[in-house]
Amino acid sequence: MGNADYECPHPVAIPPTKPFFKALGSSLKETFFPDDPFRQFKNQSVSRKIVLGLQYFVPILEWAPRYTLEFLKADVIAGITIASLAVPQGISYANLANLPPILGLYSSFVPPLVYAMLGSSRDLAVGTVAVGSLLISSMLAKEVNPFENTKLYVQLALTATFFAGLFQASLGLLRLGFVVDFLSHATIVGFMSGAATVVCLQQLKGILGLVHFTHETDLMSVIHSVVSQSHESKKKKAFFWINAMAPLTSVILGSLLVFLTHAEQHGVQVIGHLKKGLNPSSITELAFGSPYLTTAVKTGIITGVIGLAEGVAVGRSFATFKNYHIDGNKEMIAFGMMNIAGSCTSCYLTAGPFSRTAVNFNAGCKTAVSNIVMATAVMFTLLFLTPLFHYTPLVVLSSIIIVAMLGLIDYEAAIHLWKIDKLDFLVCIGAYAGVVFASVEVGLVIAVTISVLRVLLFIARPRTIVLGRINNSMIYRSIDQYPDANNVPGVLILHIDSPIYFANANYLRERISRWIYDEEDRLKSCGQTSLHYVILDISSVGSIDTSGISMLEEMKKNVDRKGMKLVLANPRSEVIKKLEKSKFIEAIGQEWIYLTVGEAVAACNFVMHTCKSNAGEMEQNRQDDNV
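What you see is a predicted model, and the numbers here were worked out from it, not measured in a lab. (Residues numbered from 1 in each chain as written. Predicted model: local features only at pLDDT ≥ 70, side-chain atom pairs only at ≥ 80, totals over all residues. Heavy atoms only, no water.)

1. Thoughts on the overall build of the chain
Here is step 1 of the chain: Each helix and strand in the chain was counted, giving 28 helices and six strands.
Here is step 2 of the chain: For the chain, the residues scored as buried account for 51% of the 627 residues in total.
Here is step 3 of the chain: Long-range contacts, defined as pairs at least 24 residues apart, comprise 80% of the intrachain contacts of the chain with a sequence gap of at least 6.
Here is step 4 of the chain: For the chain, the computed accessible surface area is about 29900 Å², with 63% contributed by carbon and sulfur atoms. (Helix = DSSP H or I, 4+ residues; strand = E, 2+ residues; numbered from the N terminus. Buried < 20%, exposed > 50% of the residue type's maximum accessible area, 1.4 Å probe, protein only. Contact = heavy atoms within 4.5 Å. Areas by Shrake-Rupley, 256 points an atom, 1.4 Å probe, with all protein chains shown as cover.)

Shown next, in the form of structure tokens:
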């Protein structure tokens, strides 16, 4: 078996070495430009390149010439629909952030216009988000009381928004979007569910009509605040029926009820006066010289990352339904520019909330023009309708937030994670528990830490798998996955499932040694042929560093001491080049490096059978001589 294969093995090619700068350029391109955005500029005239460049950075220039009246009809309907949600949500989320309610309306005017020009998603509806609002409230309120020093608090919120936009745009321009990928799906599910739970708990202030409420976001602080003030809510029993109906009422009905019953005079809190007019400039309000600038920067970076993670994930989810692709780096630039522009026009952090995007999608939007229609509707509201919100009760805003947040508590996703991957479920629960029982920042730190530790664990503890031969074939697969696969007598075949770096080289040396000991013990207990060859299938080893090469050299010495032979199968291009430069190929011998596991096994069998035959002949000759 395998002798014919061994006689004509396929040679393992060693690719020519590239010049250093060419190799470096290729590596950087793969890292930062995997989508090759410059492909479209090849073989184009200068004028055409300018046009393509403008279309790349301002996507509306690319699709606007193809815009049709049919698209406009659909986008107008969708835009008006999401505007009806944007107005009450904008006011509600501004209230959640402890900001003047009018800032919520401002934030639904300018940012959507900027995103419509720069964004690549057709479905994403831009606006304020509950999690971002909660983060701003929890982080800034620790430094500045939003009720005692409202002006400074607003300035810090605008400054945080500016730095959030600057950070987001920088990630996009520098092609560093992979930073956001460290927030895995499980992390986002747990963090968002925890934040949604906290947001719902925070709305007890409005539901119960409590005046003095904790600024902390953890569960115990909220419960203590509710219990300690339970007597305050009981004093307003006469008008508690308004609070009870709040989840089922609209802003209009709630405002009408308050106006007709004069409930605001009996303890029901209302929004109060909202200033008419469009967004005033806030460039001079950015607090770059404030002693709290560090807090604003930290808040901006954290909210920026969360806004990106949520917005890009939502955009990609809905793009999948319509079978088109969104550019993550373009989205980051669009998010960054809309937040920078927003911070200069009295807007606070905006992103792509799931609830609003889902409404936009279901309303039949075709392009980002739906955001322009929504912004136009909000502009009309700012110019003419803001006085009508004077009597809107805060309990209605609380109910709006709770309804939106309940959709973010994705228990089905958590159950799915438990069924598929227990470690992912642990990441999800860790993020959720951190947010609910400690704080939003602690939950975020726990989520990111667990995710990074998981990545490090995969790198530092790669899988090594014993391979066996599938019956009636030359295919070698994992014995765990295919229990019927047969061990090759006298040969141990191990598959290494990751690059070999300094972080895992020592572990791999110890794990491979253990596999050898275990195989020797198994063979002794079964009375089978002793172990002669250790084949390492390194087809999944994409790269190796000097520590990895040292590990292979040490493994060769250990195997040699046991009277065995180390064999390599299917080394990748980068790996074989480094093995040649390090003289490892010379040490192990070119004849012990094979293109496939099958060829390596055939070679080992051939040598073992040849040695047995030679030994048999020598024994026969010795006996003949004695005779």
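2. Structural notes on helix H3 (residues 46-57)
Here is step 1 of the chain: Relative to the 16 Å expected for twelve residues at 1.5 Å per residue, H3 spans 17 Å between its end C-alpha atoms, a close match to the ideal helical length.
Here is step 2 of the chain: Looking only at H3, the buried set comprises Leu52, Gly53, Gln55 and Tyr56. One side of H3 holds all its buried residues, which, seen down the axis, span an arc of 165°. Those residues of H3 that are exposed and aimed more than 90 degrees away from the buried face are Val46, Ser47 and Ile50.
Here is step 3 of the chain: In this structure, the buried residues of H3 make contact with helix H4 (60-63) and helix H17 (328-343). (Expected span 1.5 Å × (residues − 1). Arc of directions from axis to C-beta.)

3. Quick notes on the packing of aromatic side chains
Here is step 1 of the chain: In total, this model carries 13 aromatic pairs according to the counting rule given.
Here is step 2 of the chain: With a centroid separation of 5.0 Å and 50° between ring planes, the pair formed by Phe380 and Phe384 is classed as tilted. Separated by four residues within a single helix, Phe380 and Phe384 lie in helix H19 (residues 369-385), roughly one turn from each other.
Here is step 3 of the chain: Here the aromatic cluster, defined as three or more aromatic residues joined through ring pairs, consists of Trp63, Tyr67 and Phe71.
Here is step 4 of the chain: The residue whose ring lies beneath Arg122 is Tyr324, and the NZ or CZ to ring-centre distance is 4.1 Å. (Phe/Tyr/Trp six-rings, centres within 6.5 Å; stacked < 30°, edge-to-face > 60°. Lys NZ or Arg CZ within 6 Å of the ring centre and 35° of its normal.)

4. Let's talk about the packing of helix H7 (residues 110-118) against H19
Here is step 1 of the chain: Where H7 contacts H19, the axes come no closer than 8 Å and their chain directions differ by 160°. In terms of their interaxial angle, H7 and H19 are classed as roughly antiparallel. Relative to H19, the crossing made by H7 is left-handed. On the side of H7, the interface is formed by Pro112, Leu113, Tyr115 and Ala116, while H19 contributes Asn371, Ile372, Met374 and Ala375.
Here is step 2 of the chain: Residue classes in the contact of H7 with H19 are distributed as seven nonpolar, one polar and no charged. (Axes fitted to C-alpha atoms, helices over the stretch in contact; angles between N-to-C directions. Parallel < 35°, antiparallel > 145°, perpendicular 65-115°, else oblique. Left-handed = near helix turned anticlockwise from the far one by under 90°. Nonpolar A, V, L, I, M, F, W, Y, C, P; charged D, E, K, R; others polar.)

5. Notes on unusual backbone geometry
Here is step 1 of the chain: The residue Asn43 is not glycine, and still its phi comes out positive at about 55°.
Here is step 2 of the chain: The topology assignment puts Asn43 in the loop between helix H2 (20-32) and H3.
Here is step 3 of the chain: For Asn43, a relative accessible area of 83% corresponds to the exposed category.
Here is step 4 of the chain: Phi at Asn98 takes a positive value of approximately 60°, unusual for a residue other than glycine.
Here is step 5 of the chain: Its location among the elements puts Asn98 in the loop between helix H5 (69-96) and helix H6 (101-106).
Here is step 6 of the chain: Asn98 gets classed as buried once you look at its relative accessible area, which sits at 16%.

6. Considerations on the sheet that holds strand E1 (residues 464-469)
Here is step 1 of the chain: The six strands are arranged E2-E1-E3-E4-E5-E6 in an open sheet whose pairing can be described as mixed. The sheet terminates laterally at strand E2 (476-478) and strand E6 (593-594), the two strands that pair on one side only.
Here is step 2 of the chain: Two strands pair when backbone bridges link them, and E1 and strand E3 (residues 491-496) are joined in this way by three bridges, in the antiparallel orientation. The residue bridging Ile465 from the neighbouring strand is His495, located in E3.
Here is step 3 of the chain: Together, E1, E3 and strand E4 (533-537) form the strand contacts of helix H24 (residues 502-526), whose direction differs from that of E3 by roughly 150°. (Pairing = 2+ DSSP bridges.)

7. Observations concerning the pattern of salt bridges
Here is step 1 of the chain: Within this structure, the stated rule accounts for nine salt bridges.
Here is step 2 of the chain: Measuring nitrogen to oxygen at the nearest pair gives 3.7 Å for the salt bridge that ties Glu520 to Lys562. You can see Glu520 sitting in helix H24 and its partner Lys562 sitting in the loop between helix H25 (546-561) and strand E5 (565-569), a full 42 residues away along the chain.
Here is step 3 of the chain: Two residues, Lys556 and Asp560, come together in a salt bridge whose shortest N-O distance is 2.6 Å. Of this pair, Lys556 and Asp560 both sit in helix H25, four residues apart, which is roughly one turn of the helix.
Here is step 4 of the chain: Among the residues examined, Asp560 registers a relative accessible area of 34% and is labelled partly exposed. (Salt bridge = Lys/Arg side-chain N within 4 Å of Asp/Glu carboxyl O.)

8. Notes on the UniProt feature "transmembrane region" (unreviewed entry) in the chain
Here is step 1 of the chain: Mapped onto the present numbering, the UniProt feature "transmembrane region" (unreviewed entry) falls at residues 124-141, 153-176, 238-260, 332-351, 363-385, 391-411 and 423-453.
Here is step 2 of the chain: The span residues 124-141 is 61% helix and 0% strand, and its two end C-alpha atoms sit 30 Å from each other.
Here is step 3 of the chain: Helix makes up 94% of residues 423-453 and strand 0%, whereas the separation of the span's terminal C-alpha atoms amounts to 11 Å. (UniProt positions renumbered as here; feature names shortened; annotations may be inferred.)

9. Focus: H24
Because an α-helix packs 3.6 residues into every turn, residues spaced three or four apart end up facing the same way.
Here is step 1 of the chain: Relative to the 36 Å expected for 25 residues at 1.5 Å per residue, H24 spans 37 Å between its end C-alpha atoms, a close match to the ideal helical length.
Here is step 2 of the chain: Turning to H24, its buried residues number three or more, namely Asn504, Ala505, Leu508, Arg509, Arg511, Ile512, Ser513, Trp515, Ile516, Glu519, Glu520 and Leu523.
Here is step 3 of the chain: Looking at the buried positions of H24, the neighbouring elements they touch are helix H23 (440-460), E1, E3, E4 and H25.
Here is step 4 of the chain: Looking one or two residues past H24, Gly527 carries a phi angle of roughly 70°, positive in sign.

10. Digging into the pairing of E1
Here is step 1 of the chain: Most of E1 is tucked away, with five of its six residues classed as buried.
Here is step 2 of the chain: With three bridges joining them, E1 and E2 adopt antiparallel strand pairing. Counterpart to Gly468 in the pairing with E2 is Arg477.
Here is step 3 of the chain: Counted along the chain from E1 to the antiparallel partner E2, the turn is six residues long, and its residue Asn472 has a positive phi close to 55°.

11. As for a nonpolar patch on the surface
Here is step 1 of the chain: Taken together, the side chains of Leu453, Val455, Leu456, Ile459, Tyr501 and Phe502 make up a nonpolar region of the molecular surface, amounting to roughly 570 Å² of accessible area.
Here is step 2 of the chain: Element by element, the count of residues in the nonpolar patch is highest for H23, at four residues.
Here is step 3 of the chain: Secondary-structure assignment places Ile459 in helix H23. (Patch = residues over 30% accessible without salt bridge, like charges linked within 9 Å, V, L, I, M, F, W, Y side chains within 5 Å.)

12. What to know about the nonpolar core
Looking at soluble globular proteins, one finds that nonpolar side chains tend to be buried together.
Here is step 1 of the chain: Ranked by size, the top nonpolar core spans 84 residues in total, and within it Ile91, Leu99, Phe191, Ile306 and Tyr348 carry the most contacts.
Here is step 2 of the chain: Residue contributions to this core peak at ten residues, all from helix H9 (residues 150-173).
Here is step 3 of the chain: With 51 residues, the next largest nonpolar core counts Ile500, Leu508, Met564 and Ile593 among its residues. (Core = buried A, V, L, I, M, F, W, Y, C linked by side-chain atoms within 4.5 Å.)

13. With respect to the side chain of Thr159
Here is step 1 of the chain: Mapped onto the secondary structure, Thr159 falls in helix H9.
Here is step 2 of the chain: A distance of 2.7 Å separates the side chain of Thr159 from the backbone nitrogen of Ala287, its partner in a polar contact.
Here is step 3 of the chain: Beyond its immediate stretch of four places on either side in the chain, Thr159 contacts Glu285, Leu286, Ala287, Phe288, Leu293 and Ala296. (Polar contact = N/O pair within 3.5 Å; in protein donor to acceptor, adjacent residues only side chain to side chain.)

14. Quick look at the environment of Ala160
Here is step 1 of the chain: One can find Ala160 in helix H9.
Here is step 2 of the chain: According to the relative accessible area criterion, Ala160 is buried, its value standing at 1%.
Here is step 3 of the chain: C-alpha separation for the pair Ala160 and Ile340, spaced 180 residues apart in sequence, amounts to 9.9 Å.
Here is step 4 of the chain: The contact partners of Ala160, leaving out residues within four places of it in the chain, are Ala296, Thr299 and Gly300.

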